[in-house]
Amino acid sequence: MNTGPNGNIAIAADIGGTHMRAAIVTADGKILERDVIDTRPDDGIEVAANRLADLVESINPQTARGTHGAPVGMGISTAGPLDPETGVYKNPPNLGAWDEKSMKPTLAARLGLPVHIGHDATLAAFAETRFGPHRGAQNLVYVTISTGVGGGIIANGEMVTGSEGHAGEVGHITVQPGAQSCNVGCDGCFEGNASGPAIRKAALARIDAGEETAIWKLAGQDRANVTSRLVLEAAAAGDPVAVAVRNHAIRAIGIGLGSLLNIFDPEALVVGGGVTSGLANMWDEVIATVKRFSLAHFQENPRVHVTTLGDDVSLLGAAGLAFRHAGQS
Ligand SMILES: [Zn+2]
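Residues numbered from 1 in each chain as written. Predicted model: local features only at pLDDT ≥ 70, side-chain atom pairs only at ≥ 80, totals over all residues. Heavy atoms only, no water.

## Regarding the overall build of the chain
Along the backbone of the chain there are twelve helices and ten strands. Expected size for 329 residues packed as a compact globule is a radius of gyration near 20 Å; at 21 Å, the chain falls within 12% of this value. Going through the 329 residues of the chain one by one, you find that 53% of them count as buried. The long-range share in the chain, meaning contacts at least 24 apart out of those at least 6 apart in sequence, stands at 63%. If you sum the accessible surface of the chain, you get close to 14,000 Å²; carbon and sulfur atoms cover 49% of it. (Helix = DSSP H or I, 4+ residues; strand = E, 2+ residues; numbered from the N terminus. Rg over C-alpha atoms; globule rule 2.2 N^0.38 Å. Buried < 20%, exposed > 50% of the residue type's maximum accessible area, 1.4 Å probe, protein only. Contact = heavy atoms within 4.5 Å. Areas by Shrake-Rupley, 256 points an atom, 1.4 Å probe, with all protein chains shown as cover.)

## Structural notes on the pairing of strand E6 (residues 140–145)
Burial runs high along E6: five of the six residues are buried. Pairing geometry for E6 and strand E7 (residues 149–155), over six bridges, is antiparallel. Paired with Val-141 across the two strands is Ile-153, which belongs to E7. Where E6 folds back on E7, the antiparallel hairpin that results is connected by three residues. Here five bridges tie E6 to strand E9 (residues 268–272), and the two strands are oriented parallel to one another. (Pairing = 2+ DSSP bridges.)

## Some points on helix H1 (residues 45–58)
Its 14 residues place the ends of H1 20 Å apart at the C-alpha level, agreeing with the 20 Å of an ideal helix rising 1.5 Å per residue. If you check which residues of H1 are buried, you get Ile-45, Ala-48, Ala-49, Arg-51, Leu-52, Ala-53, Leu-55 and Val-56. Within two residues after H1, Asn-60 carries a phi angle of roughly 65 degrees, on the positive side. (Expected span 1.5 Å × (residues − 1).)

Following this line, the structure appears as structure tokens:
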């Protein structure tokens, strides 16, 4: 690893539908400076690229450069789908105004640095192999179980992007035909049965069917207050309806993660996201379910771990992308 005057820091950005974050990150994954602004995707990609460049300048890499040298480049993690070479978005659901456009040329010109872009979940997986406890893993799958269920895949040391940048859509593995559908409409997929909105939807369906449940009282009899978090809290307190909803989600998670183990044989399958946090008290049950749906060689050690990189995982992956392109993999 280069510890000389140059090449020891990268500029990282993480772009979602709501926020854009930028940071200065060292080669060993320490965040020196950071800030966040609204994305405002409807203002157009050029406006956003210039606002992001302003943000990067405001967190002042010149100061960091005094001790760490010039940045090796800029890495960006973003919600997709997009072409990882050109950074051109392809019908991105949360960044609709940016379809068929890339912010790479504007950022490269403004900052005078090479700019590299990747899908946020793929870069989360990459971050786990570069900065997390699974550093050096050549095969790793990252799954976030949150508002949606997404994934990133590192296979044989490479980021798996697919022929058109669409690889890693682990949320749409079918886990139970005839059960709930996701927003895309697939019948009984992982996301449709284990994401935060899926847990909420399952609880509301039972409330609407007239089932007696503490969820409804905890929510003050207001549908808007029925969240996945509230459902998981009610389940932890023993409410039978909430327990049934939670156990359905755990089964979906077990089938989804077990399938991924079978397909990729990773050194680690790392899981993050709000639903994962909400199931902390049930993690033994999640692991037991993964074992039920995976092959014999995973029974002793299923290699499923909760992420330790937290909300910064994609941002760190973006930094890792810049370092990798600078020859520091
Ligand atoms: Zn789906």
